[in-house]
Amino acid sequence: MQDVLENTTNEKDKKGTLPIKSIAITVMLMLLFVPSVMNLIFHVELAVFNSIFSNIIQSLIVILVTCLMIWKASDGFELASDYFGDKLNMEGGVKGATINAVGSSLPELFTTFFFLVVLKDARGFAGGLGTTAGSAVFNSMIIPAVVILAVAFSLGKTVIVNPKVILRDGLFLISAELILIVLLNSTALTWVHGLILMLVYGVYIFILKKVKIKDEDSDDDDDDDDDEEYDGSRNGLIRAIFTLDLEALIVKGRELDNRIAGTLLFVAVLIMGAACYSLAYVCESLGHELGISSFIVAIIFAAAATSVPDTILSIKDAKNGNYNDAVANALGSNIFDICFALGFPLFVYTLANGGVSIPIQPEDNDIVGQFRVLLLLLTVTAFLIYYIGKKMTKVKAVLLLSVYGIFIAYTLAYAYNPESISGIQAVLFKINSVLGNLNFL
């Protein structure tokens with residue numbers, strides 16, 4: 001009976017039945033847009049969609065849809081970035097810390113930029129800071145933990161990362177966070193702050209070129225396991241559209257060249273940009289409905305959604321034995337987020353508006369300052385977990401997941417019961433104040 005059911009299912013798939021993933025995406029899109037279309041065409045105002053609860057549900061659906069869009073776009077970006085990375089003959093974690101890190105961090109860059117465009121003030125930049133802060137913690141804690149567990153349970157292996165990779169990227173990340181904390185202790189943000197952050201990233205790229213580290217154990221043959229036969233039929237095209245399969249829509253079973261890879265890269269970035277614009281808008285809306293700062297919403301929801309590409313790329317690298325790239329991608333993404341995903345939008349926005357500065361209110365500085373210091377402390381904790389002991393074991397994975405859980409608990413306590421963490425806040429404020437005294441701008 002089991003075999004009959006499996007054969008029947010296989011026959012249905014061959015006839016073009018849409019997979020469960022495409023049906024799920026379609027249903028979520030319908031749930032998202034049907035109410036709006038009804039209001040637009042029939043001018044129907046349904047009371048249920050005006051309630052706070054329904055608005056929150058709708059916002060969460062949008063976040064889920066944007067997460068799926070970013071995920072699918074990252075698949076296309078990964079394919080193109082692998083092609084260009086191979087052409088440039090990158091090695092030793094350099095590809096993970098540059099092409100993979102930049103590509104997988106484009107959601108954070110777009111989200112920060114759109115937060116500024118949508119809100120047009122310090123609150124908008126605070127939303128970007130929240131996204132990059134939450135994403136940095138997610139990248140440092142969740143991604144390595146997931147990589148360790150994925151390799152352990154699917155391959156039965158233990159992840160071993162070259163300590164030089166951890167020292168190179170980990171120490172630079174800590175330095176970048178210190179610089180950011182110092183710069184943020186200003187009364188206003190200008191294009192100069194953005195330029196300094198971008199220059200810091202330039203220094204990181206220079207260091208990568210000077211300090212090259214080879215992967216001792218990698219297996220590129222595993223990439224063949226993910227290859228799927230191209231289906232050029234009408235049903236195959238429909239399936240590719242509904243599942244946002246960019247490889248099927250653009251590559252079409254052909255061998256990659258500069259033109260095809262470039263087109264794939266462009267379309268993937270375009271989809272990420274559209275998803276991140278919706279993400280920035282809905283996070284502001286959700287914060288309003290929940291009665292909390294958009295900074296807090298961005299830390300939890302936007303950060304997780306924008307970290308999807310980092311997670312996927314790191315897992316695939318680790319399964320192929322490229323452990324250095326898997327960790328360098330996570331750490332390199334954090335450096336890109338702090339230096340470029342924050343610096344570039346700030347630089348462009350302030351200059352595009354006639355060199356205007358973005359004033360920072362005391363209350364905004366309090367929330368941003370304490371969370372940036374918390375991020376620094378968590379990064380140092382993660383660095384020690386990585387570096388102590390040669391192997392990345394399951395125990396380390398559990399420790400990293402536990403630290404992330406504590407971070408989320410602290411964030412929720414700040415939003416709904418700040419008195420319960422007043423002692424911790426006082427310590428974070430003190431550290432932020434001491435570091436702020438180093439600000440020379």
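The notes below deal with the structure included here. (Residues numbered from 1 in each chain as written. Predicted model: local features only at pLDDT ≥ 70, side-chain atom pairs only at ≥ 80, totals over all residues. Heavy atoms only, no water.)

**Some points on the overall build of the chain**
- Broken down by element type, the chain carries 17 helices and four strands.
- Within the chain, the fraction of its 441 residues that count as buried is 50%.
- In the chain, once contacts between residues fewer than 6 apart in sequence are set aside, the share between residues at least 24 apart is 83%.
- Split by element, the accessible area of the chain, about 20,700 Å² in all, is 65% carbon and sulfur. (Helix = DSSP H or I, 4+ residues; strand = E, 2+ residues; numbered from the N terminus. Buried < 20%, exposed > 50% of the residue type's maximum accessible area, 1.4 Å probe, protein only. Contact = heavy atoms within 4.5 Å. Areas by Shrake-Rupley, 256 points an atom, 1.4 Å probe, with all protein chains shown as cover.)

**Some remarks on the environment of G127**
- By secondary structure assignment, the location of G127 is in helix α6 (residues 122-154).
- Beyond its immediate chain neighbours, meaning those up to four positions away, G127 contacts F115, S294 and A298.

**Considering the pattern of salt bridges**
- Tallied over the entire structure, the rule returns three salt bridges.
- The residue D75 makes a salt bridge to K72 at a minimum N-O spacing of 3.8 Å. Placement of the pair is D75 and K72 together in helix α3 (residues 52-87), with a separation of three residues, close to one helical turn.
- Among the salt bridges present, the one from R168 reaches D169, with a minimum N-O distance of 2.9 Å. Both residues of the pair, R168 and D169, count as buried. (Salt bridge = Lys/Arg side-chain N within 4 Å of Asp/Glu carboxyl O.)

**Some details on helix α7 (residues 163-184)**
- For α7, with 22 residues, the first-to-last C-alpha span of 31 Å sits near the 32 Å given by 1.5 Å per residue.
- With a side-chain oxygen lying 3.0 Å from the backbone nitrogen of K164, the N-terminal cap of α7 falls on N162. (Expected span 1.5 Å × (residues − 1). Polar contact = N/O pair within 3.5 Å; in protein donor to acceptor, adjacent residues only side chain to side chain.)

**Brief notes about the nonpolar core**
- F295, F371 and F407 are the most contacted members of the largest nonpolar core, which has 112 residues in total.
- Among the elements that make up this core, the one with the highest residue count is α6 (15 residues).
- Contact partners of F407, with chain neighbours within four places excluded, come to V137, I299, F371, L374 and L378. (Core = buried A, V, L, I, M, F, W, Y, C linked by side-chain atoms within 4.5 Å.)

**Some words on the environment of R372**
- Positionally, R372 belongs in helix α15 (residues 362-387).
- Linking R372 and G134, residues 238 residues apart in sequence, is a C-alpha distance of 9.8 Å.

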